[in-house]
Each structure stands twice: as C-alpha cells, then as structure tokens.
Amino acid sequence: MTPNGRLIALGASNLTRGFRVVTQLARELWGDPVEIVAALGHGRSYGMESSFLFRRLPGILDCGLWRRIEGATPVPTRALITDVGNDILYGAPVAEILGWVEECLRRLRALGAEVVMTDLPLASIDRLSHPRFVLFRSVLVPSCRLSLAQVVDRGLAVEDGLLRLAAANDVTMVRLQPRWYGFDPIHVRPRLWGEAWREIFLGGEDAAGKALPSPRLLEWLRYYRAQPERQVLLGVTRERSQPALALPGGTAIHLF
C-alpha cells in the first residue's frame, strides 16, 4: 500500500520521549497510511556509536534508515533534524558535528524531503548554575569533562553553523522556546510535548493554540519500548525486523 506521506525523523532523547506525539501529527497531516522512518534513542549521536546505560546504537549516518528510504516510492515527505547537541558533550569538534548534519541534509534533499531543523536549547543551558550543570553532565554523559562555559561556547558555534546550513539548503529552522524547559535544561517538559512538537513539526507555522491531548501512559510506553532494527544490549547484538509498530489504518513505523 502506497503511503499518503512519509516522515523521516532524526534525533535523540527529546524525539524518543515525544515520538508518540510526532506520529500523531504525521497521521493528522496526511491521513493513514503514513510511513514513519526514525533514527532516535537516548544519547544518540549523528556520527558515532553512542551508549546509554546498557545499550549501544550506531551513529545516525551509519544506521539502516538510509538503506530503507533509498529508492522509496516518491510521496510527500517531511524530515525532522533534532537533538544535535549531544555530540558537543561527546567531545566531537564543531566542524565535524556540522559536517554530519550537512551530510544528513544532502541525503534528505536528494529525496525531495521538506526539512525542518531545530536549534539548541542554549537559553535553558545558559541559566544553569555550576552545581546543576555538573549534576546533569554527570548523569547524562559521565565521560564529559567540558565546563559549562565550553559547552555554551561550542553550542553557540554549532547553532551558528546550523543557521548557515539552513539558509544554504532551504531548510526551515525552528527555535526551541525557553518556556518548554524546566529544571531539566535539555528535555522538553512532558506537559508541553504537544505544543513543542506541533510547532517543530509544522515548521513554526500555524501552531499556536492547537493543543494535542497527552497520550495515555500505556500507549506512550508502547512507542517508547519499540525496538530498532539493530542495537547492542549488554554486549549482545539484537536485531529486530521492521516495521517495529503497525498501526490501525496501515501506518507503519520503522526504527533504526
């Protein structure tokens, strides 16, 4: 069955947490069936293997998503590029991070995708006290030894580069709103997932005042626990045939 539209979603923990909302928005835009292809996961890197707790995932550029969409039937396609900041904490040079994003853009534009990209939550991070920064750094990326000033400086450089890439590639840039963040400086508050992801998904247009109901816990857990095509858990490679989820109406979700 040919889908009415295709969503390609790239990101890390924020996309993982809000993925149920993003799926709902895609189905709302095009109507079932929709093909959703995503590379996400806590701590996900764009260009290197990343670890979170006992799980390892390949870099977004090296995962099976690109094989899946290569030569896919042309349909209206929207792509989201989000959560770029993780690679700063992993110590990747700014130029390398921007090179990874630029390569994603090249591949997506070759598919004829309409691309929406988010900046970094620097306003939220800049409000951190030193003790809070050390706490979050220790919890999220224990190996990171960058100071708050270094993270902000590199973040500003990455953000400036993202703006230049957006302008050069006809990409819609959506600014992350400081009000979406609370004590946690990098994750959107759950009660604002609907507002934030609608604004991101729509490229900042016509998003005001259109709230989405929060998904029920069991429904959210179903999406959250869906397995990607390939991951390493406790040192053992696990593979899962795709789609990871098949929804009523024929919508299929492929995770990588």
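Residues numbered from 1 in each chain as written. Predicted model: local features only at pLDDT ≥ 70, side-chain atom pairs only at ≥ 80, totals over all residues. Heavy atoms only, no water.

Enquirer: I'm lost on the packing of helix H5 (residues 94-110) against helix H8 (residues 148-168) in this one. Help?
Expert: Helix-helix packing is characterised by the crossing angle of the two axes and by the distance between the axes. It is at 10 Å that the axes of H5 and H8 come closest, and there the two elements cross at 30°. When the axes of H5 and H8 are compared, the pair comes out roughly parallel. In the packing of H5 onto H8, the handedness of the crossing is right-handed. Where H5 approaches H8, its residues Val94, Ile97, Leu98, Val101, Glu102 and Leu105 are matched on the opposing element by Arg154, Ala157, Val158, Gly161, Leu162, Arg164 and Leu165. Looking at the contact of H5 with H8 residue by residue, the class counts come to nine nonpolar, one polar and three charged. (Axes fitted to C-alpha atoms, helices over the stretch in contact; angles between N-to-C directions. Helix = DSSP H or I, 4+ residues; strand = E, 2+ residues; numbered from the N terminus. Parallel < 35°, antiparallel > 145°, perpendicular 65-115°, else oblique. Left-handed = near helix turned anticlockwise from the far one by under 90°. Contact = heavy atoms within 4.5 Å. Nonpolar A, V, L, I, M, F, W, Y, C, P; charged D, E, K, R; others polar.)

Enquirer: Explain the pairing of strand S11 (residues 252-255) here, please?
Expert: On a regular strand, one side chain projects to one face of the sheet and the next to the other, so that they alternate. Across the two faces of S11 the burial is the same, with Ala252 and His254 and Ile253 and Leu255 all buried. Here four bridges tie strand S2 (residues 34-39) to S11, and the two strands are oriented parallel to one another. Residue pairing in the sheet places isoleucine 36 in a bridge with isoleucine 253 of S11. Pairing analysis gives two bridges linking strand S10 (residues 245-246) to S11, with the strands arranged antiparallel. Looking across to S11, one finds that leucine 245 is bridged to isoleucine 253. (Buried < 20%, exposed > 50% of the residue type's maximum accessible area, 1.4 Å probe, protein only. Pairing = 2+ DSSP bridges.)

Enquirer: Quick question: what am I supposed to make of the side chain of histidine 187 here?
Expert: Inspection of the secondary structure assignment puts histidine 187 in the loop between strand S7 (172-174) and helix H9 (193-201). There is a polar contact of 2.7 Å between the side chain of histidine 187 and the side chain of serine 13. Excluding residues that lie within four positions of it along the chain, histidine 187 makes contacts with Ser13, Asn14, Arg17, Leu140, Trp180 and Tyr181. (Polar contact = N/O pair within 3.5 Å; in protein donor to acceptor, adjacent residues only side chain to side chain.)

Enquirer: Would you mind showing me how to read the sheet that holds strand S8 (residues 230-233) here?
Expert: Spatially, four strands are ordered S3-S4-S8-S9 in an open sheet, and the strand pairing comes out antiparallel. At either end of the open sheet lies a strand with only one pairing partner, and these are strand S3 (50-52) and strand S9 (236-239). Adjacent strand axes in the sheet meet at a mean angle of 30°, parallel and antiparallel pairs treated alike. The pairing of S3 with strand S4 (residues 55-57) spans three bridges and is antiparallel. Residue pairing across strands places phenylalanine 52 opposite arginine 55, the latter belonging to S4.

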